[in-house]
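# Analysis of the macromolecular model
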Amino acid sequence: MDEHDARDWWEARYGGSEGIWSGRVNAVLAAEAADLPVGRALDLGCGEGGDVVWLAEQGWTATGVDLSATAVARAGRAAAAAGVDGRTTFVAADLATWAPEDDERYDLVTASFLQSWPVEIPRAAILRRAAGFVAPGGHLLVTAHAAPPHGDLPEEMRAYRFPTPEEDLAAVLGSDEATAGGPAAGGPAAWAVLSAERRPRTTTTADGTTHETEDSVVLVRRRA
């Protein structure tokens, strides 16, 4: 699939309903960012803006980037409704090629469930590029589904291979040749690995059904 296939697919998905996400911050981001000093944040694959709005509410100046223009428009409206549009920016762009203007770097770069099926995106390369957007002393947080997020697995997800923390860490640090080509991030020696683990989580559907799943969490800090 090329970038146009992925953009069209996600545009169709967002356009098919008034909203597809809860609007709440992802729990891992809320937990990990709670003790970080506020600064500039970048959310990759921001969707309808729940994480960006939460970050802005905590005092961050936050930017969200997503492939879908429809999602980005909804995110802007959510930020305005929350009264944080002055501290938020949203950009519709392909993360495989997008880069901040004027080589801006961020104190926190986050990617929460940046996964795409049945259309593929160059996820490992995107995570490698993300490392190049982190300022010295800043953090990069990658949260992913490490197992099916709910019990009723759709057909389009049956062939999907969920990433492991080790694979995402290798992508971030550039220790896999397949992730080469992003902005220079200093290599593995430039990073302190704070977390690379699976975390269990219980999900509950609208009808009250619960499902046990796991998230992959990678948190690294760029050495000053």
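An unreviewed UniProt entry lists the chain under the name Class I SAM-dependent methyltransferase, with Curtobacterium citreum as the source organism.

Take the environment of A99 next. When you line up the elements, A99 lands in the loop between β3 (88-92) and β4 (106-112). Assessed through its relative accessible area of 42%, A99 is described here as partly exposed. Put simply, A99 and G132 are 33 residues apart on the chain and 9.5 Å apart in space, counted from C-alpha to C-alpha. The residues touching A99, leaving out its near neighbours within four places in the chain, are R129 and F133.

Turning our attention to the sheet that holds strand β1 (residues 40-44). With mixed pairing, 7 strands are arranged side by side in an open sheet as β3-β2-β1-β4-β5-β7-β6. For this open sheet the edge positions go to β3 and β6 (191-204), each flanked by a neighbour on one side alone. Averaged over all pairs of adjacent strands, the angle between strand axes in this sheet comes to 15°, irrespective of strand direction. Bridge count between β1 and strand β2 (residues 61-66): 5 bridges; the pairing is parallel. Its bridge partner lying in β2, D43 is registered against G64. The strands that helix α3 (residues 50-57) touches are β1, β2, β3 and β4; relative to β2, the one it contacts most, it runs at about 175°.

Within the largest apolar cluster, 26 residues are counted, with the highest numbers of intra-cluster contacts made by L42, L44, W98, V109, L140 and V172. Secondary structure elements with two or more residues in this core: β1, β4, α5 (123-131), β5 (134-145), α6 (165-173) and β7 (210-222). With sequence-adjacent residues up to four places away left out, V172 is seen in contact with L127, R128, A131, L140, V142 and V220. Of all hydrophobic cores here, the second largest spans 22 residues; its members include L29, A41, V52 and W54.

Parameters and conventions
- Residues numbered from 1 in each chain as written.
- Predicted model: local features only at pLDDT ≥ 70, side-chain atom pairs only at ≥ 80, totals over all residues.
- Heavy atoms only, no water.
- Helix = DSSP H or I, 4+ residues; strand = E, 2+ residues; numbered from the N terminus.
- Buried < 20%, exposed > 50% of the residue type's maximum accessible area, 1.4 Å probe, protein only.
- Contact = heavy atoms within 4.5 Å.
- Pairing = 2+ DSSP bridges.
- Axes fitted to C-alpha atoms, helices over the stretch in contact; angles between N-to-C directions.
- Core = buried A, V, L, I, M, F, W, Y, C linked by side-chain atoms within 4.5 Å.

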